[in-house]
Amino acid sequence: MTALRATARLQFHKDFTIDQAVGLVPYFRRLGISHLYASPLLKARPGSTHGYDIVDHNQINPELGGEPALHRLVAALRQAGMGLILDIVPNHMGVGGSDNEWWLDVLEWGRTSPYAEFFDIDWEPLDPALHGRLLAPFLGTSYGDALAGGDLRLCFDPEDGRFFVSAYGVHRFPVAPRDYPRILPGPATAAFAETAGGRGTIRRRVAAAREGLRALEHRGAIEAALAGFDPETEAGRDRLHRLLERQHYRLAWWRAASDEINWRRFFDINSLAGVRVELPAVFEATHATVLRLYAEGLIDGVRIDHVDGLADPRGYCRKLRRRLQTAAEARPAALDDTPAVLWVEKILAPHERLATDWLTDGTTGYDFMAEVAAVLHDPAGEAPLTDLWARLSGRPAEFEVEVETARRQIFREALSSEWFATANALLRVARRDLRTRDITQTGIRWSLAELLTHFHAYRIYAGPAGISEPDRRVMDWAMAHARRGVRAADRHVLELIGAWLTGEGARALPPGAARAELARAMVRFQQLSAPVAAKSVEDTAFYRYGRLLSRNEVGSDPAQFAMTPAAFHATCRDRRQGFPRALLATATHDHKRGEDTRARLSVLSELPEEWAAAVERWMRLNAPLRREIEGGPAPSPGDELMLYQTLVGAWPPGLSPEDAQGVAAFGERVGAWQEKALREAKLRTGWAAPDAEYEQVCRDFLGGVLDPARPTRVVFEVAEFAARIAPAGIVNALAQTLIRLTAPGVPDLYQGTEFWDFSLVDPDNRRPVDFAAREAALAAGGEPAALLADWQDGRVKQAMIARALAFRARHGGLFAHGTYLPLRFEGRLAEHAIGFARTHEGRAFVMIATRLAAKLTGIERLSVESGAWEATVAVLPRLLSGRSAHDVLRDPAERMQSMGAGCRLPLRDVLTNFPVALLEVR
């Protein structure tokens, strides 16, 4: 099997199955991919478009073709010398509905269910009404209205002999067996009368009794009994209500979850319940199939989704690594002994580094995506674009201000139940010690709020044994800022919480239960800070702050406008040293904007004055489209400015404003983005309480902007501006692609992005891919430079990828182990290039890319005129002196005879006909 060289991420769902991927294996092999990188394949909720709502960890999703289809895919991959890496989801499962057997068992048996500890449920919350019960917030209206409206009905399943309450015909809520006699008194249910427990012989007796209940002779009696619970009658509603009040769950409106839920969710999504994978039994139950697939040689590694949601990410990753190593002993002999791939999906703060002692191969590439984008931004554009945004939008100039406001909103609204639960966990700790038992819940809650507001990382990883130095710096920063915001009377509470959350306060607690409570509270806090960060930053502040949307990307910090080449090279050296197999991504299923949309928008950092003139003019011309409604103008100035960036950044190549059908299709895509952006911002509308009027006015505004019949003809100006910056954007796109293919790490290709990726946030970035067109283009071949004239069709990008990956395949050791040597540039245009060399055992290559190209002479033709480079040169490492080189992106007949006198390579020799170069040194 081929060594790990490059991956291609595929999103599987019912409309793109495993068998459909089988037919694409030859294409990906020719493109140069070594491993397919699959979205989750275990059984998910029916109709799932992403696979992260797994309901059964022990089977391959039947909607995707099941395990037989997986065997067919792997057989095709092995025949092509390729492998498969699987996305797994240890943090949560899909709940609600009627398809998660573990969850249904918990609903039926409560705390006595063998799965009661699988889910992260607080069975003893402060609310006494929920003691021994879990909140089930799956109703579309209040409980009373759902009951009165007939949305809740008692049913009987003749297939398994169970009574259950159906909500909307979608959700299934089993009735506790002890209550069957209340529904159907008499001999048929007599055996259920003594089933208060849920284990061992009791469950076996219940199973036998259910078999009897399924007999046809009972059908008439069951139907008559069910009629007595008919919600259409007052008596039936009353009986149904009294029956529901006895269950191990309390049905509730979905809105109640944010305040009262007593089990951990994935962020604020009620249909995804947290799983306690830190427990050995849960780990075994959720990983048995994955480990078997690895042992049988069906997969070659895993990508761990949302690792920061786990109670102990370090312990989990180390355990999984050990189990994979053990499973490797059973793998087919035909496979090599390369260690399993183990990637973690993790957002790293700018100051944060992934710990090497987790024993992973690195992250899934959000950090690289942020870095390679930042180095292609012009720092000179930061001040004028900041001023433009603040002046026209009326929003804060600094991103951190938006984040602080969003954090306070998120934990008070979307995650208030998790905030309260964490405060309650700390309160339990306080009450274990006579010296702290007088601390109030309110004091803890508001001290915790200030700490979360200023927490500038997803989480720390402290435990009873203490805290690492990097995590201490995170806590020190947050504590220093929290001290300024907390009430004077609560400062001692804040200090105590800070000591507890770092583990240092454990020594002052009585041993035993108090320290156990503290350990749970520390985990609670760490599992809260991560979703607070995700929801407040990525899913709120990103949609409020629009200085330059190319920096508002998953893994990026919009406060960091640009990165110097020197800083970028430092990150590459660090990655080579610590995580040489880390994934390098520039597009994902979660990105806010496609990689080429961002590449085009980054050009605005070079042309801030032109952009300011354009948007100020468009705002004047479109003033008649705005409306004054309750709450202010619609759209707001900030929403309007972000819309213009979106239109310019994502404008499809070659689309004419006079193409009514094409513009309408583009408008639908932008409209879907607009609705999501407005709701995620949570300013004038939101998911929980949409403002239909505001959203409709914004839709109408978008329609007016794109209307070619308007006398102002703004749509023509938008298209012209997009065309103006498109060439420089394509140069950026080719540069970031080639850097990804050659920098230390493993390049990842998100499905379809071998052609241009001008997508927007999901679901736009998960649209069907025209693989037939891509296969035909690859078969036709062509030199990238020759395809540049027709750049709009995307073939030039694919051709460059194919040649770079073919070179990578020929020189695996050079890419896996090669040194990383940044290039220095001299001359008037030195800042307009970036490059590095890599060497290994006498082999070497040099990568050079054009940077900040918007004002370079000839860039409108996607090349820089030879004379424009003047005397600008790349200063090469001395070990390359006197050697010859060939640009592998060009046809073999075109060769360079020398690397240049004195290791100085004129850029006019390599970047004149194509904006990037990959030089094989011989």
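What counts and how
- Along each chain, residues carry numbers from 1 onward, in the same order as the chain's sequence is written.
- Residue-level local features of this predicted model are given only where pLDDT is at least 70; pairs of side-chain atoms are given and counted only at 80 or more, and the full residue set underlies all totals for whole chains, interfaces and linings.
- To get the side-chain values, all heavy atoms of the structure are used, and hydrogens and water are removed first.
- Note on conventions: DSSP H or I runs of at least 4 residues are helices, E runs of at least 2 residues are strands, and numbering of each starts at the N terminus.
- Taken over C-alpha atoms, the radius of gyration is set against a globule rule of 2.2 Å times the number of residues to the power 0.38.
- Residue burial is assigned from relative accessible area. The probe radius is 1.4 Å, only protein chains are included, and a residue is buried under 20% of its type maximum, exposed over 50%, and partly exposed in between.
- We call two residues in contact whenever any of their non-hydrogen atoms come within 4.5 Å of each other.
- The protein chains shown are the only cover counted for residues, whose accessible areas, like all others here, come from Shrake-Rupley with a 1.4 Å probe.
- His is not counted, nor are the chain ends; Lys and Arg add positive charge and Asp and Glu add negative charge.
- A charge is said to be at NZ when it belongs to Lys, at CZ for Arg, at CG for Asp and at CD for Glu.
- In this analysis, strands are considered paired if DSSP registers two or more bridges between them.
- For helices, the fitted line uses only the C-alpha atoms of the stretch in contact; every axis is such a line through C-alpha atoms, and the angle between N-to-C directions lies from 0 to 180 degrees.
- The term polar contact refers here to a pair of N or O atoms within 3.5 Å; inside protein, the definition further demands a hydrogen-donor-capable atom paired with an acceptor-capable atom, and it admits residues adjacent in sequence only when both atoms are side-chain atoms.
- Buried residues of nine kinds, namely Ala, Val, Leu, Ile, Met, Phe, Trp, Tyr and Cys, make up a nonpolar core once their side-chain atoms join them within 4.5 Å.
- Two rings from Phe, Tyr or Trp (for Trp, the six-membered ring) form a pair when their centres are within 6.5 Å of each other. A pair whose planes differ by under 30 degrees is stacked, one over 60 is edge-to-face, and the rest are tilted.
- Charge-over-ring placement is defined geometrically: NZ (Lys) or CZ (Arg) within 6 Å of the ring centre, and within 35 degrees of the ring normal.

Colleague: An account of the overall build of the protein is requested, with residue identities and associated values reported.
Modeller: When helices and strands are tallied, the protein shows 31 helices and 27 strands. On C-alpha atoms alone, the protein measures out to a radius of gyration of 30 Å, which is about the 29 Å that the 2.2 N^0.38 rule sets for 922 residues. The 922 residues of the protein split such that 61% are buried. In the protein, the proportion of contacts linking residues at least 24 apart, taken out of those at least 6 apart, comes to 74%. Split by element, the accessible area of the protein, about 33700 Å² in all, is 52% carbon and sulfur. Taking the average place of the 113 positive charges on the side chains of the protein and the average place of its 118 negative ones, the gap between the two points comes to 4 Å.

Colleague: Would you mind going over the sheet that holds strand β21 (residues 824-826) in detail, with residue names and values included?
Modeller: With antiparallel pairing, 3 strands are arranged side by side in an open sheet as β21-β24-β26. Single-partner strands in this sheet number two, and they are β21 and β26 (904-906). If you compare each strand with its neighbour and ignore which way they point, the axes differ by 30 degrees on average. Note that β21 and strand β24 (residues 873-875) share 3 bridges and pair antiparallel. Looking at the pairing, E826 lines up with V873 of β24.

Colleague: Any details on the side chain of R547? Residues and values, ideally.
Modeller: Along the chain, R547 falls in the loop between α20 (513-538) and α21 (565-578). Look at R547 and you get buried, because its relative accessible area is 6%. A polar contact of 2.8 Å, which involves the side chain of R547, links it to the backbone oxygen of P558. Every residue in contact with R547, bar those within four places of it in the chain, is listed here: E382, L385, T386, W389, P558, A559, F561 and Q645.

Colleague: Let's hear about the sheet that holds strand β6 (residues 92-94): which residues, and what values?
Modeller: Here 3 strands make up an open sheet; going across it, the order is β6-β13-β12 and the pairing antiparallel. Edge positions in the open sheet fall to β6 and β12 (265-266), since each of these has one partner strand only. Where β12 and strand β13 (residues 269-274) come together, 2 bridges link them in antiparallel fashion. By the bridge assignment for β13, R265 is matched with A273.

Colleague: How would you explain the pairing of strand β22 (residues 833-840) if you had to name every residue and give the values?
Modeller: Counting buried residues in β22 gives 7 out of 8 residues, a clear majority hidden from the surface. Where strand β20 (residues 821-822) and β22 come together, 2 bridges link them in antiparallel fashion. Paired with P822 across the strands is F836, a residue of β22. Bridge count for β22 against strand β23 (residues 843-850) is 8 bridges, and the pairing is antiparallel. Note on β23: the bridge partner recorded for I834 is A849. Counting the residues in the hairpin turn of β22 and β23 gives 2 residues, including E841, whose phi is positive at 50 degrees.

Colleague: How would you explain the nonpolar core if you had to name every residue and give the values?
Modeller: Judged by nonpolar contacts, the single largest core of 136 residues is most densely connected at F28, I304, L320, F568, V846 and I848. Among the elements that line this core, the one with the most residues is helix α27 (residues 714-742), at 9 residues. If we skip the residues at most four places from it in the chain, F568 touches F368, E371, V372, V375, M563, I739, Y820 and I834. Counting 56 residues, the second largest nonpolar core, distinct from the first, contains L549, V648, A650 and V663.

Colleague: Please give an account of the packing of aromatic side chains that cites residues and values.
Modeller: If you walk through the whole model with that rule in mind, you get 38 aromatic pairs. Taken together, the ring pairs in this structure connect W103, F119, F138, F173, Y249 and W263 into an aromatic cluster. Looking at R9, its charged tip hangs above the ring of Y37, at a distance of 4.8 Å from the centre. Over the face of the ring belonging to F229 we find R239, whose NZ or CZ atom lies 4.2 Å from the ring centre.

Colleague: Give a description of the side chain of T286 that names residues and reports values.
Modeller: Residue placement: T286 occurs in helix α11 (residues 280-295). Polar contacts involving the side chain of T286 include one to the main-chain carbonyl oxygen of F283, which spans 3.3 Å. A polar contact of 2.9 Å, which involves the side chain of T286, links it to the side chain of H287.

Colleague: Describe in detail unusual backbone geometry, supporting the description with residues and values.
Modeller: Along the chain, A634 connects to P635 via a cis peptide bond; the corresponding omega equals -5 degrees. Among the secondary structure elements, P635 is positioned in the loop between β18 (632-634) and α24 (637-650). Residue P763 follows D762 across a cis peptide bond; omega there is 10 degrees. Locating P763 in the fold gives a position in the loop between β19 (746-750) and α28 (771-780). Although it is not a glycine, L852 adopts a positive phi angle of roughly 50 degrees.

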